[in-house]
Amino acid sequence: MEEKMLNADALGYLDEAMFTSSLISKKEREAKETDWKNVYPRTKAETEQMESLLQKANAVVEDATNQEYSERYKALSEVVDWSKKRHASWTWKLIAGALLGAGIFYYFYYDQQKDIAQAKVDQEQVNQWKEISVEEVPYSVCPTEHAKDDYAMRLTSAEKYKIYKLIDLKTSTESYEKTAKEYQQQADTAKIQENKDKFLQRAEASTENAVKYRAQYDSINAMDFIQIHAMAISDMDKHVDSQESWGNSLYGYMIFLLVLIPLYIITGYPHGYTITRHRRRSGCLNIFRKVGFGLASFCFGTGVAMNLLPDYVEKTTYSDGTTRTEKKSDIGNIFIIVLKVGLMIVGAFIFCFVASLIMMIETIAGLIENFNWSGWMRKLFPSKKKEE
């Protein structure tokens, strides 16, 4: 009791230090009881305040060897030390996911170059068309289905390109006309006015689309060679632009992930008080990570675990009594292979998506929270008043 009285001022500072964190509620302060996890400070100011109180306690303590004082002082000092230090929060698993994602984007980007090259070949083929007479195709005789080689031959001449477009437009026109009739029939038999109005609106919309596509059919059908050629050139230009745009997007995603990785590591050293402040966010991200990686592992693991060719054994008995057994492949194995590969691809994509999304969130948060941007800005752009 005498030692406690001697250390009363020091213990008072320790009590004050223990309840510095803003995580502690007013009710807990009044009761002077709280969970130890709430003792950890949430900000730099709270950490410095707690450290200052510990220094005051150490300065006035009468008996530093007192068990009650020494244990509490040591525990609170560890809290302060942990809160002041930076801690590595980045993980190799997320980096592996981002690298895999970058590899996938590179593969598709490389493959996309073939489509871009083919689009440019098609563009040049259209540019080289020779002028010919292009006849009109009466709507009644225009087919509604493409022949087997229509797509491959559509760019060989203005006539074939025109017919290809007309078939598409007639197919769309008749499809919407059929849909309009079906909706009209449903409206005629509907007993509830609300349903009747809904079907009538859909029938009207389908009719408008049918009229629109029929008008486009008539417009293209009336075009001569120069107009068809100009339309085809415009279509090919848009196609090349689209393929190049998609290729640039794939390349951009790949570069984004490659840049994200070092940024993620650099920003992945938050102070302890920052980790405490965003404990809830970290918890949510951990749950998302566990669920996402669990689903990815399930898909990928199931695919790996499946047998590629689960053969069956067939036993044959001959007339002389001899037998022969042999393994034969099940014709259904192809579906098993497709399912296996599909599950592995889905698992890999989920893994990459989850890893990349978490990395992006943590990197953005790290850039905002782990650097003293305002202090750096003041050093780079000192105020005029200060300079004077």
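The structure this text deals with has already been given above.
Worth saying up front: this structure is predicted, and the values here are computed from it rather than measured.

> Account for the packing of aromatic side chains, naming residues and giving values.
Inspection of every chain in the model, using the stated rule, returns 13 aromatic pairs. Geometrically, the ring pair formed by Y69 and Y73 is stacked, given 5.6 Å between the ring centres and 20° between the ring planes. Residue Y69 and its partner Y73 are both found in helix α5 (residues 67-84); the two are separated by four residues, about one turn of the helix. Residue Y73 is classed as partly exposed on the basis of its relative accessible area of 23%. The ring of Y151 has R154 lying over it, and the distance from NZ or CZ to the ring centre is 3.9 Å. Directly above the ring of Y139 sits R214, whose terminal nitrogen or CZ lies 3.8 Å from the centroid.

> Summarise the pattern of salt bridges; cite the residues concerned and give the values.
As enumerated under the stated definition, the model contains eight salt bridges in all. Across the salt bridge formed by K84 and E51, the nearest N and O atoms sit 2.8 Å from each other. Of this pair, K84 sits in helix α5 while E51 sits in helix α4 (residues 44-60), and the two are 33 residues apart along the sequence. Classification of E51 as partly exposed rests on a relative accessible area of 25%. The salt bridge involving K114 is made with D111; its shortest N-O contact spans 3.8 Å. Of the two residues, K114 and D111 are both situated in helix α6 (residues 92-127); the distance of three residues between them amounts to about one turn of the helix.

> For unusual backbone geometry, give the residues involved together with the corresponding values.
For K32, which is not a glycine, the phi torsion comes out positive at approximately 55°. Inspection of the secondary structure assignment puts K32 in the loop between α3 (26-31) and α4.

> Now, about the environment of K212: what can you tell me, with residues and values included?
Among the secondary structure elements, K212 is positioned in helix α9 (residues 193-221). On the basis of relative accessible area, K212 is assigned to the partly exposed category, the value being 39%.

> Could you give an account of the side chain of T173, naming the residues involved and the relevant values?
Among the structural elements, T173 can be located in helix α8 (residues 158-189). Separated by 2.8 Å, the side chain of T173 and the backbone oxygen of L169 make a polar contact. Sequence-distant contacts of T173, that is, excluding residues within four places in its chain, are made with Y139, A210, Y213 and R214.

> Tell me what's going on with α9, and back it up with residues and numbers.
Between its first and last C-alpha atoms α9 spans 42 Å; for 29 residues at 1.5 Å apiece the expected length is 42 Å, and the two agree. Every buried residue of α9 is listed here: F199, A203, S206, A210, Y217, I220 and N221.

> Lay out a nonpolar patch on the surface in plain terms, naming residues and giving numbers.
A surface patch of nonpolar side chains, about 480 Å² in accessible area, is lined by L99, Y251, I255, L258, V259 and L263. Among the elements that make up the nonpolar patch, the one with the highest residue count is helix α10 (residues 225-266) (five residues). Among the secondary structure elements, I255 is positioned in helix α10. Judged by its relative accessible area of 32%, I255 is partly exposed.

> Which residues make up the nonpolar core, and what are the values?
Side chains of nonpolar character tend, in soluble globular proteins, to be buried together. Within the largest apolar cluster, 20 residues are counted, with the highest numbers of intra-cluster contacts made by W129, Y161, Y217, I220 and I228. If you list the elements that add at least two residues to this core, you get α8, α9 and α10. Non-local contacts of Y161, meaning those with residues more than four positions away in its chain, are made with W129, R154, L155, I228, M231, A232, D235 and M236.

> Talk me through the packing of helix α2 (residues 8-18) against α4; I want residue IDs and the actual numbers.
Helix-helix packing is described using two parameters, namely the angle between the two axes and the distance between the axes. Look at α2 against α4: their axes get within 8 Å of each other, and the N-to-C directions meet at 170°. What the angle tells us is that α2 and α4 run roughly antiparallel. Here D9, A10, Y13, L14, E16 and A17 of α2 come into contact with α4, specifically with M50, L53, L54, K56, A57 and V60. Looking at side-chain class alone, the contact of α2 with α4 contains nine nonpolar, no polar and three charged residues.

> Could you give an account of the environment of A117, naming the residues involved and the relevant values?
Mapping A117 onto the fold places it in helix α6. In this structure A117 comes out as partly exposed when scored by relative accessible area, which is 41%.

Conventions and cut-offs
Residues numbered from 1 in each chain as written. Predicted model: local features only at pLDDT ≥ 70, side-chain atom pairs only at ≥ 80, totals over all residues. Heavy atoms only, no water. Phe/Tyr/Trp six-rings, centres within 6.5 Å; stacked < 30°, edge-to-face > 60°. Helix = DSSP H or I, 4+ residues; strand = E, 2+ residues; numbered from the N terminus. Buried < 20%, exposed > 50% of the residue type's maximum accessible area, 1.4 Å probe, protein only. Lys NZ or Arg CZ within 6 Å of the ring centre and 35° of its normal. Salt bridge = Lys/Arg side-chain N within 4 Å of Asp/Glu carboxyl O. Polar contact = N/O pair within 3.5 Å; in protein donor to acceptor, adjacent residues only side chain to side chain. Contact = heavy atoms within 4.5 Å. Expected span 1.5 Å × (residues − 1). Patch = residues over 30% accessible without salt bridge, like charges linked within 9 Å, V, L, I, M, F, W, Y side chains within 5 Å. Areas by Shrake-Rupley, 256 points an atom, 1.4 Å probe, with all protein chains shown as cover. Core = buried A, V, L, I, M, F, W, Y, C linked by side-chain atoms within 4.5 Å. Axes fitted to C-alpha atoms, helices over the stretch in contact; angles between N-to-C directions. Parallel < 35°, antiparallel > 145°, perpendicular 65-115°, else oblique. Nonpolar A, V, L, I, M, F, W, Y, C, P; charged D, E, K, R; others polar.

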